[in-house]
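Chains, contacts and geometry: an overview
Residues per chain, in single letters:
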Amino acid sequence: MSELLVTGGQVLRPDLTVERADVLVSQDSGDIVAVDEPGALDGDDELDASGGLVIPGLVNAHTHVAMTLLRGLADDKPLDAWLQEDVWPVEAELTAEDIRAGAELGLIEMIRSGTTALSDMYFEVEEIADAVDQAGMRAVLGFTAVTVGKDDEAARSDLRESLDVARKLDGAADGRIRTTFQPHSLTTVGEDYLREFVPEALSDDLSIHLHANETRDEVTPIVDEHGQRPLAYADDIGLLDGDTYVAHGVHVDDSEIDLLAETGTGVAHCPASNMKLASGMAPVQDLLDAGVTVGIGTDGAASNNDLDMFDEMRDAAMIGKLAADDASAVDAGTVVEMATQNGADLLGFDSGRLEAGTNADLAVIDLDAPHLTPAHDLVSHLAYAVHGSDVRHTVCDGEVLMRDRSVEVFNERAVRDRASEHAAALVERASD
Ligand SMILES: CSC[C@H]1O[C@@H](n2cnc3c(O)ncnc32)[C@H](O)[C@@H]1O
Ligand SMILES: [Zn+2]
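Residues numbered from 1 in each chain as written. Chains lettered and ligands numbered in written order. Predicted model: local features only at pLDDT ≥ 70, side-chain atom pairs only at ≥ 80, totals over all residues. Heavy atoms only, no water.

1. Things to note about the coordination of the zinc ion (ligand 2)
- Protein-derived coordination of the zinc ion (ligand 2) comes from H62 (NE2), H64 (NE2), H211 (NE2) and D299 (OD), at a distance range of 2.1 to 2.3 Å.
- Each of the 4 donor atoms bound to the zinc ion (ligand 2) contributes to angles spanning 84 to 165 degrees, and the resulting shape is irregular.
- Within one chain, the residues donating to the zinc ion (ligand 2) are spaced in sequence as H-x1-H-x146-H-x87-D. With respect to burial, H62 and H64 carry one shared label: buried. (Donors = N, O, S within 2.8 Å, 3.2 Å for Na, K, Ca; no water. Tetrahedral: all angles 85-135°; square planar, octahedral: opposite > 155°, others 65-115°. Buried < 20%, exposed > 50% of the residue type's maximum accessible area, 1.4 Å probe, protein only.)

Structure (structure tokens):
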């Protein structure tokens, strides 16, 4: 029996109070054993949290982790042009090895900024699953199906692969990997395919993750073709469900917010991506007020351009206030809950709060910095002032992924070099 004591720091409790406490985690079960007053607990190994704040590991509720290879390749365009002119032509050249290299790079970036769980959409999912396994992180993965521009055989093969991958990889990495069925979006997967494959996913109890209502251009064609708002159309097909979450949910009207709440469908809010692609402002406070579970995601590194969830919390608070025209909207405590407990709820992990019996996924923030001084309110600091580079240690499933800013699960130098080589060769192939 091996137990790790995270000692000497302050701890963020599930009710967002902060107190001096030690956290004991079991490296056998991967659970938190106890959170107790300083000095009350003993472990076989220690992690020094003195001068620090222990928080739940952050949950990135929507990303495309291998897109780190496309970081900085196509900026300053709206979604449709960005995807069609830049991203998709390059993605068409991606190999399994590229995706592995990009995923490892992205996972290192996440570990270094305190993220312990992610929800990913992409291709070559076995490569991503192997990288997640090696990283020691927790993830919800899936193969994303697109049918537009494909003949019937290729379209069906995509949807079949999305189902097969979801069935095959669920429970991988000793249960740290879960899966979702992933139609890319309501405009990139045809209605007949959705009507055929969604019932199969539901009958297998698969969770569903898709992009929805990201831009106005994703709303108008559906209203024109089906005479319904996109989420009413999605509900008609059976896509909205207690285990479904949609990425973005920017252009949702009141009837769609009610539909999300009634069906228990969650939203992965991606504020930086929505600002960079000028997609719009999601009505996050309205969604929360209606009872919708809203997590936070970075989206891919090509539309962000980093995977730092602290940046994302700050962005979520800022844009949430603008969208509501109310400075009290989407406050500091709310964004911290969104990036921890809400994200974990969307992904289906018993993480996101430091409590005995839950997953031992946590990060220690170093508070000894000018930009974190004075320390009136540490929840305010988490939302508005902490950077990913302030994370001292990252732990997932009781294992130390980063100790004193040294990543223990990868050779970081080698991963960065390999990713740079793969990115350069990829761009070269795409330009031929
Ligand atoms: C097949 S995996 C996902 C697919 O989605 C593309 N993508 C990345 N970011 C976004 C976004 O914000 N909206 C829609 N699609 C996006 C990614 O490049 C992959 O092709
Ligand atoms: Zn996305």
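Structure shown, so let's carry the discussion forward.
2. A closer look at the domain arrangement of the chain
- Looking at the assigned domains, one finds that the chain contains domain 1 (3-56 + 353-407) and domain 2 (58-347).
- Of the residues lining the interface, 28 residues belong to domain 1; the matching set on domain 2 comes to 29 residues.
- Overall, the association of domain 1 and domain 2 removes approximately 2200 Å² of surface from exposure, summing both partners, and the carbon and sulfur fraction of that is 62%.
- Three residues, A383, Y384 and L401, lead the burial of domain 1 against domain 2; their summed loss comes to 25% of the area buried on that side.
- For the interface between domain 1 and domain 2, the tally reads 3 salt bridges.
- A salt bridge links D397 to R138, with the shortest nitrogen-to-oxygen separation between them at 3.2 Å.
- Remark: the boundary between domain 1 and domain 2 carries 10 residue pairs in polar contact (both at pLDDT 80 or more). (Domains from an automatic or database assignment. Contact = heavy atoms within 4.5 Å. Buried area = accessible area lost by both parts, 1.4 Å probe. Salt bridge = Lys/Arg side-chain N within 4 Å of Asp/Glu carboxyl O. Polar contact = N/O pair within 3.5 Å; in protein donor to acceptor, adjacent residues only side chain to side chain.)

3. A few points about the pairing of strand β17 (residues 362-366)
- With 4 of 5 residues buried, β17 lies mostly within the body of the structure.
- Bridging between strand β7 (residues 52-56) and β17 involves 5 bridges; their strand directions are antiparallel. Bridged to P56 within β17 is L362.
- Strand direction decides the pairing type here: β17 and strand β18 (residues 391-396), joined by 4 bridges, are antiparallel. Along β18, the bridge assignment pairs A363 with T394. (Helix = DSSP H or I, 4+ residues; strand = E, 2+ residues; numbered from the N terminus. Pairing = 2+ DSSP bridges.)

4. Some details on the site of ligand 1
- Around ligand 1 lies a shell of 17 residues, among which W88, E91, H184, E214 and D299 are the nearest.
- For ligand 1, a nitrogen atom lies 3.5 Å from a polar atom in the side chain of H64.
- A distance of 2.7 Å separates an oxygen atom of ligand 1 from a polar side-chain atom of D299.
- When isolated, ligand 1 has an accessible area of 440 Å², and the protein chains bury 99% of it.
- Assessed atom by atom at 2 Å from the grid points, ligand 1 resides in the largest pocket.
- Take the shell around ligand 1: its biggest share by element is 6 residues, from helix α1 (residues 79-91). (Near = heavy atom within 4 Å. Areas by Shrake-Rupley, 256 points an atom, 1.4 Å probe, with all protein chains shown as cover. 1 Å grid on protein atoms, 1.4 Å probe; cavity = no way out; pocket = protein on both sides within 12 Å on 5 of 7 lines; lining within 4 Å. Sits in = over half its atoms within 2 Å of the grid points.)

5. Description of the layout of surface pockets
- If you add up the space inside the largest pocket, you get close to 880 Å³.
- L83, W88, V146, H184 and T188 are the residues nearest the centre of the largest pocket, which is lined by 43 residues in total.
- Looking at the lining of the largest pocket, the elements that each hand over two or more residues are α1 and α4 (152-169).
- Here the lining of the largest pocket takes 9 residues from α1, the largest share from any one element.
- Within the lining of the largest pocket, the residues separate by chemical class into 20 nonpolar, 13 polar and 10 charged.
- Volume-wise, the second largest pocket comes out at about 200 Å³.
- Contributing to the lining of the second largest pocket are 16 residues, with G242, D243, D345, L346 and G348 lying nearest its centre.
- Within the residue set of the lining of the second largest pocket, elements represented by two or more residues are β12 (177-183), β14 (244-248) and α12 (332-347).
- For the lining of the second largest pocket, the residue count by class is 4 nonpolar, 9 polar and 3 charged. (Points joined across faces, edges and corners; volume = space filled by probe spheres on them. Nonpolar A, V, L, I, M, F, W, Y, C, P; charged D, E, K, R; others polar.)

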